Amino acid sequence: MNQQIRLLLATETDPALASELGGWFEAEFGPRANRWRSADYYVLLNRDGQLVGRLGVLDSKVSVGNQIIRVGGIGGVATKPEFRHRGVASAMLARVAKFMKSDLRVEFGLLLCRHEVSPVYAKMGWIGVPGPTRFTRGGVNATYPNDTMIMPLAGKEWPSGPIDMLGLPW
């Protein structure tokens, strides 16, 4: 098995690949326009020349309690169905944790996920944090109904208090 993980700036992504990634996101998570914030970077995993995994990375700020924290946001984690349960997401998340720590130099990674997949992230060091986690979509304030998780990257403690994504979720 030949495996390659690439990290790309979203603005430098080939238009055909960007279209494929957008279609894949919408197939997994629903329409993106005005509902989800676009990624700043993509992490892509190819096996034997075939794209089998993707995730988006955002360099973002959130408000927690009364603090503004810069985070590496993770969104749109997807693995093609025939490659699930084969370590694809784990490999991409391990790579992106290194990138967030060394290149983005953020103190935390942050992701939103459904309850049923949070144990997968927990095995990789992600920690559930209490919310509520709020965001604004189409001028309407909303509260995320599932799990919010963080990855400590700099040995600091996550502050307590409500989380505001300061705009669209990812």
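Predicted model only: the values in this text are computed from it and were never measured.

Our next topic: the overall build of the protein chain. Summing up its helical and strand segments, the protein chain has three helices and 10 strands in all. Listing the helices and strands of the protein chain from first to last along the sequence gives β-α-β-β-β-α-β-α-β-β-β-β-β. Here the protein chain has a C-alpha radius of gyration of 15 Å; the compact-globule value for 170 residues is 15 Å, and the two agree. If you line up the protein chain on its principal axes, its C-alpha atoms span 45 × 35 × 30 Å. Per-residue burial for the protein chain yields a buried fraction of 44% across its 170 residues. The contacts in the protein chain between residues at least 6 apart in sequence include a share of 71% that link residues at least 24 apart. Summed over its atoms, the accessible surface of the protein chain is roughly 8700 Å², and 50% of this surface lies on carbon and sulfur atoms. Distance from the positive charge centre (20 side chains) to the negative charge centre (15 side chains) of the protein chain: 3 Å.

Along its 17 residues, helix H2 (residues 88-104) runs 22 Å from first to last C-alpha, staying within 8% of the 24 Å computed at 1.5 Å per residue. Among the residues making up H2, those that are buried are Val88, Met92, Leu93, Val96, Ala97, Phe99, Met100 and Leu104. Summarising the axial view, the buried residues of H2 lie within an arc of 165°, below the 170-degree limit, and thus occupy one face. Exposed side of H2, more than 90 degrees from the buried face: Lys98 and Lys101 are the residues found there. On the buried face of H2, the contacting elements are strand E1 (3-9), strand E2 (41-47), strand E3 (50-64), strand E4 (67-79), strand E5 (108-113) and helix H3 (118-123). Arg105, located one to two residues past H2, shows a positive phi value of around 55°.

Under the counting rule described, the total for this entry stands at two aromatic pairs. For the ring pair Tyr41 and Phe99, a centre distance of 4.9 Å and an interplane angle of 70° mean the geometry is edge-to-face. Of this pair, Tyr41 sits in strand E2 while Phe99 sits in helix H2; the two residues are 58 residues apart in sequence, bridging distant segments of the chain. Their ring planes at 85° and their centres at 5.0 Å tell us that Phe108 and Trp158 sit as a pair that is edge-to-face. Linking Phe108 in strand E5 with Trp158 in the loop between strand E9 (147-152) and strand E10 (163-164), this pair joins segments that are 50 residues apart in sequence. On the accessibility criterion, Phe108 (2% relative accessible area) is buried.

To continue, consider the nonpolar core. Soluble globular proteins: nonpolar side chains tend toward being buried together. Core analysis: the largest hydrophobic core is formed by 24 residues, its most contacted members being Leu55, Val57, Ile74, Val96, Met100, Tyr121 and Trp126. Of all the elements in the fold, those that place two or more residues in this core are E2, E3, E4, H2, E5 and E9. Here this core takes seven residues from H2, the largest share from any one element. Setting aside its immediate chain neighbours within four residues, Val96 contacts Val43, Leu55, Val57 and Ile74. In this structure, Ile69, Leu110, Val129 and Ile150 belong to the second largest nonpolar core, which totals 16 residues.

Here we come to the pattern of salt bridges. When the charged atoms of two side chains lie near each other, side chains of opposite charge can form a pair. Applying the stated rule across the entire model yields four salt bridges. Of the charged contacts, one joins Glu107 and Lys156 as a salt bridge, the two residues approaching to 2.9 Å between their closest N and O atoms. Note that Glu107 is positioned in the loop between H2 and E5 and Lys156 in the loop between E9 and E10, a separation of 49 residues in sequence. You can call Lys156 partly exposed: its relative accessible area is 45%.

Moving on, we get to the environment of Pro169. Structurally, Pro169 can be placed in the segment after E10. Once residues within four sequence positions are removed from consideration, Pro169 is found in contact with Arg35, Trp36, Arg37, Leu112, Phe135 and Arg137.

Calculation rules
- Residues numbered from 1 in each chain as written.
- Predicted model: local features only at pLDDT ≥ 70, side-chain atom pairs only at ≥ 80, totals over all residues.
- Heavy atoms only, no water.
- Helix = DSSP H or I, 4+ residues; strand = E, 2+ residues; numbered from the N terminus.
- Rg over C-alpha atoms; globule rule 2.2 N^0.38 Å.
- Buried < 20%, exposed > 50% of the residue type's maximum accessible area, 1.4 Å probe, protein only.
- Contact = heavy atoms within 4.5 Å.
- Areas by Shrake-Rupley, 256 points an atom, 1.4 Å probe, with all protein chains shown as cover.
- Lys, Arg positive; Asp, Glu negative; His and termini not counted.
- Charge placed at Lys NZ, Arg CZ, Asp CG, Glu CD.
- Expected span 1.5 Å × (residues − 1).
- Arc of directions from axis to C-beta.
- Phe/Tyr/Trp six-rings, centres within 6.5 Å; stacked < 30°, edge-to-face > 60°.
- Core = buried A, V, L, I, M, F, W, Y, C linked by side-chain atoms within 4.5 Å.
- Salt bridge = Lys/Arg side-chain N within 4 Å of Asp/Glu carboxyl O.

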